[in-house]
Amino acid sequence: MTPTVLVVGELQGGHLASGSLEAIGVARSWSGATVVGVVTGGGSRAAAEEFGRFGVAEAYALDDPRLDSAPAAARVAALKHAAEVSGASVLLAAGTTFGRELVGRMAVAWEAAAATGVTELTMEPGGVRVRRPVFGGRATETLRLEGPRATIALRPHAFALPAEAPVPCSVREIGPAELPPAERTAQRTGVTVAPAGSGPGLTDASIVVSGGRGVRAPENFRLVEELAAALGAAVGASRAVTDAGWRPTSFQVGQTGRAVSPQLYIAVGISGAIQHIVGMISSRVIVAINSDASAPIFRVADYGIVGDLFQIVPALTAEVRRARGL
Amino acid sequence: MEIVVCVKPVPDAETRLRPAPEGTTLDPEAVKFVLSGYDESAVEQALLLKESVPGSKVHVVAFGPAPRTEEVLRAAVALGCDQATWVDAGAERWADPIRAARALAPVLGGLPHDLILCGKQAGDDEGGLVAAALGELLSLPDFGAVVDLRWDPGSSRFRFQRAVETGQESWTAPAPCVVGLQQAWNDPRTAKLPAILKSRKATIARVAAAPRSASSPTVVPERFELPPPRTGAKMIDYRTPEEAAQKLVRILREEAKVFP
């Protein structure tokens, strides 16, 4: 019997988010697997058809805008319905806040073994074997998810986007969501989208440029921001910078801030305290720019430039702009 | 307000990690177990609410083996939690987040609760599943990545912010609900020495964890590995900043293949 994989589509601006596309790619890479999509929330009917662009011929949609301001719990019944009707044995979601919440609830509602932050997975008889970084990337664990069902959130950016392979997608609509009256349930009352120009969200970015104490003064931080803008990267900071109040704590990468795992991490004027390292060590490629050749950051970096950041960074920004035709 | 906060003993960030002899999990020998930064933020949130809503109580609950679980419960009591319950894992040395939630849920369900708090994720396995699984098990809504939770007596609802991938969300929710806290937004307090000394004599209620159900899906740890040590950066030689920039861009594009 070939397994059926249910991919949870998460919507961003009315379209399937990149993490959902990565999940489609993983599901399609399993030979013999049937891939089915499910989307919930306002605009789901149209977004479900996007599954077809990536070779998925069947999708479920619960097109109900009330879900957008309701807790994730309100979507679980629809997911369970799609999983049962499609005969799925594996559910895959993006490792976002939204995806992890659904995976945790489905582990209980659908009685499935669960894992998040997964960077490798193989389908095996009797279960799924997954690999995932733990301890902020300082170690990895391999787990066997046993039993007839598994629910998994993938680590963002750990997998490639799938190639387009258009097929007609037949979309089945799921009946209306059952929601308690608004006064008895939680409500999302506002959304602040990260302002354009400040780059993508730090934990979601595929490139991060961070500045540290070596930047010396808050007004010099624009050097870091200009490099990030040229690369289309998010801006991060070390604890020294946020403690000094040069940037808000939301910028902090490290043990007590955000853990990031982009494709490319550029550390500017950051010495490399363990506090910082654990927050970025699982980045795929690390570049360090620092005036001190003995700084510990060079032990974890893949590429290093020893030099004055006030000369190197503007030159790098100019070169990046030139190379990207900006 | 009755506030329950769930915590987990995790290795101190400075601990040198190494696999246990059989290679399937972390070696817990010679590891100092502490509250993770996420759980510290959850405890701090509980105490801030207690201070703002008269008549509130904070009950801290943890699932795990001796002696580490009792130790972190005492640490939470030293910070200001009023009561503590240890859900004893007995001989169970390793548990995945869903197992932990299944062990905690019946105990939490039996305690008065207007709010159940935990860290957004554990500081060790970083699963981030316990709040959602508790919500499903107890039929309550759950919210992860929350910062700055406040009680609004006028509307009798909680108000809070969530840091999601695309930005920030504002929410209101009636009690009871389950909330996973983001770390490092509320500058958690540290315990004072007299409180630490007093917490050593605090009563920790102990309940044995309900055994795993034989039919429920299981997660089996197979391997715990440390990455090969990084060998150090390949240093870029240059004469001018412009040359350094050109070389780096070329490397990122052609060798590392990460140039946008």
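Residues numbered from 1 in each chain as written. Chains lettered and ligands numbered in written order. Predicted model: local features only at pLDDT ≥ 70, side-chain atom pairs only at ≥ 80, totals over all residues.

Overview of the nonpolar core
As a rule of thumb, nonpolar side chains are buried together in soluble globular proteins. Counting residues in hydrophobic clusters, the biggest one holds 137 residues, and the most contacted among them are Leu 92 and Ile 152 of chain A together with Val 5, Ala 76 and Leu 134 of chain B. Sequence-distant contacts of Leu 134 of chain B, that is, excluding residues within four places in its chain, are made with Ala 101, Leu 104, Ala 105, Leu 108, Ile 116, Asp 142 and Val 178 of chain B. (Core = buried A, V, L, I, M, F, W, Y, C linked by C-beta atoms within 7 Å. Buried ≥ 20, exposed ≤ 12 C-beta atoms within 10 Å, placed from the backbone. Contact = placed C-beta atoms within 7 Å.)

Side note on the domain arrangement of chain B
When cut into domains, chain B gives domain 1 (2–208) and domain 2 (229–260). Spacing between the C-alpha centres of domain 1 of chain B and domain 2 of chain B amounts to 43 Å. (Domains from an automatic or database assignment.)

What about the sheet that holds strand β4 (residues 57–64) of chain B?
Pairing between the strands of a sheet is mediated by backbone hydrogen bonds and can be parallel or antiparallel. Pairing in this open sheet of ten strands is mixed, and the strands run β13(A)-β9(B)-β8(B)-β7(B)-β10(B)-β6(B)-β1(B)-β4(B)-β5(B)-β11(B) from one edge to the other. Because the sheet does not close on itself, it has two edges, and the strands there are β13 (187–193) of chain A together with β11 (204–208) of chain B. If you compare each strand with its neighbour and ignore which way they point, the axes differ by 30° on average. With six bridges joining them, β4 of chain B and strand β5 (residues 83–88) of chain B adopt parallel strand pairing. Its bridge partner lying in β5 of chain B, Phe 63 of chain B is registered against Val 87 of chain B. Against the sheet, helix α5 (residues 97–109) of chain A engages β7 (142–152) and β8 (157–164) of chain B, with an angle of about 100° to β7 of chain B. (Pairing = 2+ DSSP bridges. Helix = DSSP H or I, 4+ residues; strand = E, 2+ residues; numbered from the N terminus. Axes fitted to C-alpha atoms, helices over the stretch in contact; angles between N-to-C directions.)

Looking at the packing of helix α10 (residues 309–323) of chain A against helix α6 (residues 241–255) of chain B
Between α10 of chain A and α6 of chain B, whose axes approach to 8 Å, the crossing angle comes to 50°. One way to sum up the angle between α10 of chain A and α6 of chain B is to call them oblique. Crossing of α10 of chain A over α6 of chain B shows right-handed handedness. On the side of α10 of chain A, the interface is formed by Gln 311, Ile 312, Ala 315, Leu 316, Glu 319, Val 320 and Ala 323 of chain A, while α6 of chain B contributes Pro 241, Glu 242, Ala 244, Ala 245, Gln 246, Leu 248 and Val 249 of chain B. (Parallel < 35°, antiparallel > 145°, perpendicular 65-115°, else oblique. Left-handed = near helix turned anticlockwise from the far one by under 90°.)

Thoughts on the sheet that holds strand β7 (residues 113–118) of chain A
Residues and elements named next belong to chain A. Strand order in the open sheet formed by seven strands is β7-β11-β6-β1-β4-β5-β12, with parallel pairing between adjacent strands. For this open sheet the edge positions go to β7 and β12 (170–173), each flanked by a neighbour on one side alone. The mean angle between the axes of side-by-side strands here comes to 20°, regardless of whether they run parallel or antiparallel. Here strand β6 (residues 90–94) pairs with strand β11 (residues 150–154) via five bridges, running parallel. Opposite Ala 93, over in β11, you have Ala 153 as the bridge partner. The sheet contacts of α5 involve β1 (4–9), β6, β7 and β11, and relative to β11 the element is tilted by about 165°.

With respect to the environment of Pro 176 of chain A
Following the sequence through the fold, Pro 176 of chain A ends up in the loop between β12 and β13. As for Pro 176 of chain A and Ala 78 of chain A, which are separated by 98 residues in sequence, their C-alpha atoms are 9.0 Å apart.

Quick word on α6 of chain B
Between its terminal C-alpha atoms α6 of chain B stretches 20 Å, which fits the 21 Å expected from 15 residues at 1.5 Å a residue. Of all the residues in α6 of chain B, the buried ones are Pro 241, Ala 244, Ala 245, Leu 248 and Leu 252 of chain B. The buried residues of α6 of chain B occupy one face: seen down the axis, they fall within an arc of 100°. Elements that come into contact with the buried residues of α6 of chain B comprise β16 (264–268), β17 (285–290), β18 (303–306) and α10 of chain A. Lys 257 of chain B sits one or two positions beyond α6 of chain B and adopts a positive phi of about 55°. (Expected span 1.5 Å × (residues − 1). Arc of directions from axis to C-beta.)

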